[in-house]
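So the chains spell out like this:
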Amino acid sequence: MNQDITDSLVRTSRPRFTGDIERIVTHEIGDDLTSDPISELVAVSPSNDVTFVKFTSQVVSHAASSKRSSAYMGAKRRDRAGKIHGQLLGLAEHAERDDFEMFVHPVVEAIRKAIRSSTEVETEGNPREILRLIRDSLLDGGWENYRRPEVRTAVCDLLDVLQSKEEVDAEDAHQAFDSLDEMELLPRPPLMPDVKEETQLSG
Amino acid sequence: MFKEQPDRCLVTAQCRFAPDIGFAPKLSAALVCGHKASKMPHWNYNPQRGLLRDPKKKTILLADHQVLQLQTMGITPWLERQERHTEVLRKMLAEYDVSECTMTHLEITAFFHLAMSHEEIVDLFFDTMIPTRDSFAPLCGTPYDAALRVFGESGDKKIEAEMMPMTADQAKAAFAGIPNIDQFREDRFESELVAWRDRVAKDCLYVKMVAELEGVKPQDVPRFFRESTEELNRRATRIVRKLKKLPLESVDKQ
């Protein structure tokens, strides 16, 4: 955070008072895109004159924007997929435990982070879709399925695609859907009541 | 990988041999032989050193009392005429009466454009080629760049691999610093060299691969260069795939 008092107030038409305070808050976005609050306590001494406190917030996005080529994001995706793959394999030793979901939670978080980190990269849409499918298969009690080794193996195969390809195409995403759907790992949407039929009944 | 980006590679093939006090007539005889066999149109000669040049095919050949060195700008002039080039070297070694080379050396330098910024390449370089940034912090503060040079053995051959993320300016300077690069100029405006320099001058991964073998007989020189070219190409492909976190097994299947 840059705490230097600049002379920007001098250039304005507003008269500058002795006690005016100016602060520049610089938010530098790193390559990991994590959010961190920046706070500063400014003591304003009591005075008879009006005291202007001017905060200028400046977002420096260079670091984030310069690390955004699709080739780079592809490499990062392969790296993350590899780590998730390892985490999934690690579930095997906890598969019999009652608190199995506690061990699944970090996997879900890792998948969420991987999705978030590639949100703005157009070329990573298909990998994101595969990760979303895997994430969805883990939610709402879906983790119970992951006690079965054949499920873990099938999902690891999907992660292999993310790990081994320079570009993941739509066909890979479709195959991932089919594979998870075939094993009944995807959550089913609740059935909508047949409005027409209900109307007839009530009438 | 060299074959995928042929216009960003430079090749140096070298045969070293024991010097002989009576080298002067042998040198000129070897140059005459090399000139005929290679059909390179331009030559330059002084009693210590001879040079054959074919700027259009981006090839030069240098000879002195203990080295024969063939250089090409781009890997295509090397691959397309490899048999002829190595045969020229073999014939010239015969003119020198060399029974065994003290060292045969193949060096392929590449400025691989990976469609990534220098910053990105550096970021991937840590944790793929070398340990993470954090582990270097006690040694040099926050690392922002890195280079790696590894020496190894493959059978009888010695292999050297040097890799370094480069900014456009660094690549430009490294290209200008390549030995004998000015000999490739085609005309007084050096348009070809300028085009090369501009092509190379991008954020890139600089890779220098070297294969060396001692005691190669002249008749085995073509085989050494043929096998080493393939091997270095395979290893360079692995370097790039490793940096991009792609599996290496597919390279071995090729």
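From a predicted model like this one, the values you see are computed outputs, not experimental measurements. Every chain's residues receive numbers from 1 upward, in the order its sequence appears when written. Both sets of labels track the order of writing: A upward for chains, 1 upward for ligands. This being a predicted model, a pLDDT of at least 70 is required before a residue's local features are given, and a value of 80 or more before pairs of side-chain atoms are given or counted; all residues contribute to the totals for chains, interfaces and linings. For the side-chain quantities, the full set of heavy atoms in the structure was used; hydrogens and water were omitted.

Caption draft 1: Highlighting empty space enclosed by the protein. All names here are of chain A. A cavity, in this analysis, means grid points on a 1 Å lattice covering only the protein atoms where a 1.4 Å probe fits yet has no way out; a pocket is instead an open set bounded by protein on both sides within 12 Å along at least five of seven lines, and a residue lines either one if it has an atom within 4 Å of a point. Grid points are joined across faces, edges and corners, and a volume is the space filled by probe spheres set on the points. Across all of its chains, the model carries 1 cavity of 30 Å³ or more by this definition. By volume, the largest cavity amounts to about 40 Å³. Around the largest cavity, the lining residues are Met73, Arg77, Arg80, Ala114, Ser117, Ser118, Glu124 and Leu131. Only runs of H or I of at least four residues qualify as helices and only runs of E of at least two qualify as strands under DSSP, and these elements are numbered from the N terminus. Elements represented by at least two residues in the lining of the largest cavity include exactly helix H2 (70–90) and helix H3 (100–117). Three classes are used, and their members are as follows: Ala, Val, Leu, Ile, Met, Phe, Trp, Tyr, Cys and Pro are nonpolar, Asp, Glu, Lys and Arg are charged, and the others, Gly among them, are polar. A class-by-class count of the residues in the lining of the largest cavity yields 3 nonpolar, 2 polar and 3 charged.

Caption draft 2: Here's a closer look at the side chain of Ser118 of chain A. All names here are of chain A. Structurally, Ser118 can be placed in the loop between H3 and helix H4 (125–138). Between N or O atoms, a polar contact is any pair within 3.5 Å; within protein, one atom must be a potential hydrogen donor and the other a potential acceptor, and residues adjacent in sequence are included only when both atoms are from side chains. Polar contacts involving the side chain of Ser118 include one to the main-chain carbonyl oxygen of Ala114, which spans 3.4 Å. By definition in these notes, contact holds between two residues if any of their heavy atoms fall within 4.5 Å. Ignoring anything within four residues of it in the chain, the contact list for Ser118 reads Met73, Glu124 and Arg128.

Caption draft 3: Highlighting the sheet that holds strand E4 (residues 59–63) of chain B. All names here are of chain B. In spatial order, the strands read E2-E3-E4-E5-E1-E6-E9-E8-E7; together these 9 strands make up an open sheet with antiparallel pairing. Looking along the sheet, the strands with just one partner apiece sit at the ends: strand E2 (42–46) and strand E7 (148–154). The sheet shows a mean angle of 10 degrees between the axes of neighbouring strands, taken without regard to direction. Bridge analysis of strand E1 (residues 9–16) against strand E6 (residues 103–112) gives 8 bridges, and the strand direction is antiparallel. When DSSP locates at least two bridges between a pair of strands, those strands are taken to pair. Only the stretch in contact is used when fitting a helix axis, every axis being a line fitted to C-alpha atoms; angles between N-to-C directions are given from 0 to 180 degrees.

Caption draft 4: Highlighting the pairing of strand E8 (residues 157–166) of chain B. Residue and element names in this part refer to chain B. Burial classes follow relative accessibility: with a 1.4 Å probe on protein chains only, a residue under 20% of its type's maximum area counts as buried, one over 50% as exposed, and anything between as partly exposed. Of all 10 residues in E8, 8 are buried, a share of seventy percent or more. With 7 bridges joining them, E7 and E8 adopt antiparallel strand pairing. In the sheet register, Val150 faces E8, and the bridge partner there is Ala161. Connecting the antiparallel pair E7 and E8 is a turn made up of 2 residues, with Gly155 showing a positive phi of about 65 degrees.

Caption draft 5: Here's a closer look at the pattern of salt bridges. The working definition used for a salt bridge is a side-chain nitrogen of Lys or Arg within 4 Å of a carboxyl oxygen of Asp or Glu. Taken as a whole and judged by the stated rule, the model has 27 salt bridges over all chains. The partner of Lys244 of chain B in a salt bridge is Glu166 of chain A, with the nearest N and O atoms 2.7 Å apart. Taken together, the residues Lys244 of chain B in the loop between helix H8 (221–243) and helix H9 (249–253) and Glu166 of chain A in the loop between helix H5 (149–164) and helix H6 (170–182) connect one chain to another. The exposure class of Lys244 of chain B is buried, given its relative accessible area of 13%. One salt bridge connects Glu83 of chain B with Arg226 of chain B, and the closest N-O pair in it is separated by 3.6 Å. Here Glu83 of chain B, found in helix H3 (residues 82–95), pairs with Arg226 of chain B, found in helix H8; they are 143 residues apart in sequence, far enough to count as distant. Under the relative-accessibility criterion, Glu83 of chain B is labelled partly exposed at 48%. Looking at Arg226 of chain B, the relative accessible area reads 36%, which means it is partly exposed.

Caption draft 6: View of helix H1 (residues 23–38) of chain B. Residues and elements named next belong to chain B. Working rule for helices: expected span equals 1.5 Å times residues minus one. The end-to-end C-alpha distance of H1 is 21 Å, a good match for the 22 Å that 16 residues give at a rise of 1.5 Å each. Residues of H1 that are buried include every one of Phe23, Lys26, Leu27, Ala30, Leu31, Cys33, Gly34, Ala37 and Ser38, and no others. Each buried residue of H1 lies within a common arc of 170 degrees when the element is viewed along its axis, so the set occupies one face. Along H1, exposed side chains directed more than 90 degrees from the buried face belong to Pro25 and Lys36. If you follow the buried residues of H1, they end up packed against E2, strand E3 (49–54), E4 and H3. At the exit of H1 stands Lys39, carrying a positive phi of roughly 60 degrees. This arc is taken over the directions from the axis of the helix to the C-beta atoms.

Caption draft 7: Local environment of the interface of chain A and chain B. Taken together, the contacts link 16 residues of chain A with 13 residues of chain B. When two parts are brought into contact, each loses some accessible area as probed by a 1.4 Å sphere; the total of that loss over both is the buried area. In total, chain A and chain B occlude about 1200 Å² of area from one another, counting both sides; carbon and sulfur atoms represent 52% of this. Taken together, the connections running from chain A to chain B amount to 7 residue pairs in polar contact (both at pLDDT 80 or more). Mapped by element, the contributors of at least two residues to the side of chain A that touches chain B are H2 and H5 of chain A. The element that contributes the greatest number of residues to the side of chain A that touches chain B is H2 of chain A, accounting for 6 residues. Tallied by class, residues from the side of chain A that touches chain B come to 3 nonpolar, 5 polar and 8 charged.

Caption draft 8: Up close: the nonpolar core. For the purposes of this section, nonpolar cores are sets of buried Ala, Val, Leu, Ile, Met, Phe, Trp, Tyr and Cys residues that join through side-chain atoms within 4.5 Å. Ranked by internal contacts, the top residues of the largest apolar core, which has 64 residues, are Phe2, Leu68, Phe112 and Leu205 of chain B. Broken down by element, this core gets its largest block of residues, 8 residues, from H8 of chain B. Each residue touching Leu205 of chain B, except ones within four places of it in the same chain, is listed here: Ala110, Phe111, Phe112, Leu114, Ile121, Phe125, Met164, Pro165, Ile239, Val240 and Leu243 of chain B. One finds Ala81, Tyr146, Val151 and Leu158 of chain A within the second-largest nonpolar core, a separate group that totals 29 residues.

Caption draft 9: Broad picture of the environment of Thr167 of chain B. Residues and elements named next belong to chain B. Structurally, Thr167 can be placed in the loop between E8 and helix H6 (168–176). The class for Thr167 is partly exposed, based on a relative accessible area of 25%. Placed 49 residues apart in sequence, Thr167 and His118 show a C-alpha to C-alpha distance of 5.5 Å. The residues contacting Thr167, other than those within four sequence positions of it, are His118, Lys202 and Asp203.

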